[in-house]
Amino acid sequence: GFDSDYGTMKNADIIFCRFDSNHKLEITDQYALDVGNPYNDADLGTKDDLMELSGSIVNGIGTYKFARKFVTDDKYDKPMKNEEQKVLFAYHPTT
């Protein structure tokens, strides 16, 4: 995620990546309105701005690739900067 409120995931622009139980790749553009589960941008009335999605699992290691414009017209996408930027990672062993 990008630029969340300090110490939480609230207001984070999130790129959610996983392989589901059928090994199907899922990469979605999401936003955390509050503490708790984030919402897909499309469900919030905007759009998924991710492109060129791909991923693989090799020897138990997942790799995810995506592209997105640095600045979109989506109010739930935080601008990516060509400088140091706070990024957060979250992990769950079953997703």
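That block above? That's the structure.
Please read all numbers here as calculations on a predicted model, not as lab measurements.

**So, the overall build of the protein chain**
Per the secondary structure count, the protein chain includes zero helices and five strands. Listing the helices and strands of the protein chain from first to last along the sequence gives β-β-β-β-β. Computed over C-alpha atoms, the radius of gyration of the protein chain comes to 13 Å, within 12% of the 12 Å expected from 2.2 N^0.38 for 95 residues, which places it in the range of a compact globule. With the C-alpha coordinates aligned to their principal axes, the bounding extent of the protein chain is approximately 35 × 30 × 25 Å. Contacts in the protein chain between residues far apart in sequence, at least 24 positions, make up 39% of those at least 6 positions apart. Surface accessibility of the protein chain: about 6,800 Å² in total, with carbon and sulfur atoms responsible for 52%. Distance from the positive charge centre (11 side chains) to the negative charge centre (17 side chains) of the protein chain: 1 Å.

**Here's the deal with the pairing of strand β5 (residues 61-67)**
With six bridges connecting them, strand β4 (residues 51-58) and β5 associate as antiparallel partners. The residue bridging serine 54 from the neighbouring strand is lysine 65, located in β5. Hairpin remark: β4 followed by β5, antiparallel, with two residues in the connecting loop; positive phi at asparagine 59, about 55°.

**A look at the side chain of aspartate 20**
With respect to the helices, strands and loops of the structure, aspartate 20 is situated in the loop between β1 (13-19) and β2 (25-31). Reaching out from aspartate 20, the side chain makes a polar contact with the backbone nitrogen of lysine 24 at a distance of 2.9 Å.

Calculation criteria
- Residues numbered from 1 in each chain as written.
- Predicted model: local features only at pLDDT ≥ 70, side-chain atom pairs only at ≥ 80, totals over all residues.
- Heavy atoms only, no water.
- Helix = DSSP H or I, 4+ residues; strand = E, 2+ residues; numbered from the N terminus.
- Rg over C-alpha atoms; globule rule 2.2 N^0.38 Å.
- Contact = heavy atoms within 4.5 Å.
- Areas by Shrake-Rupley, 256 points an atom, 1.4 Å probe, with all protein chains shown as cover.
- Lys, Arg positive; Asp, Glu negative; His and termini not counted.
- Charge placed at Lys NZ, Arg CZ, Asp CG, Glu CD.
- Pairing = 2+ DSSP bridges.
- Polar contact = N/O pair within 3.5 Å; in protein donor to acceptor, adjacent residues only side chain to side chain.

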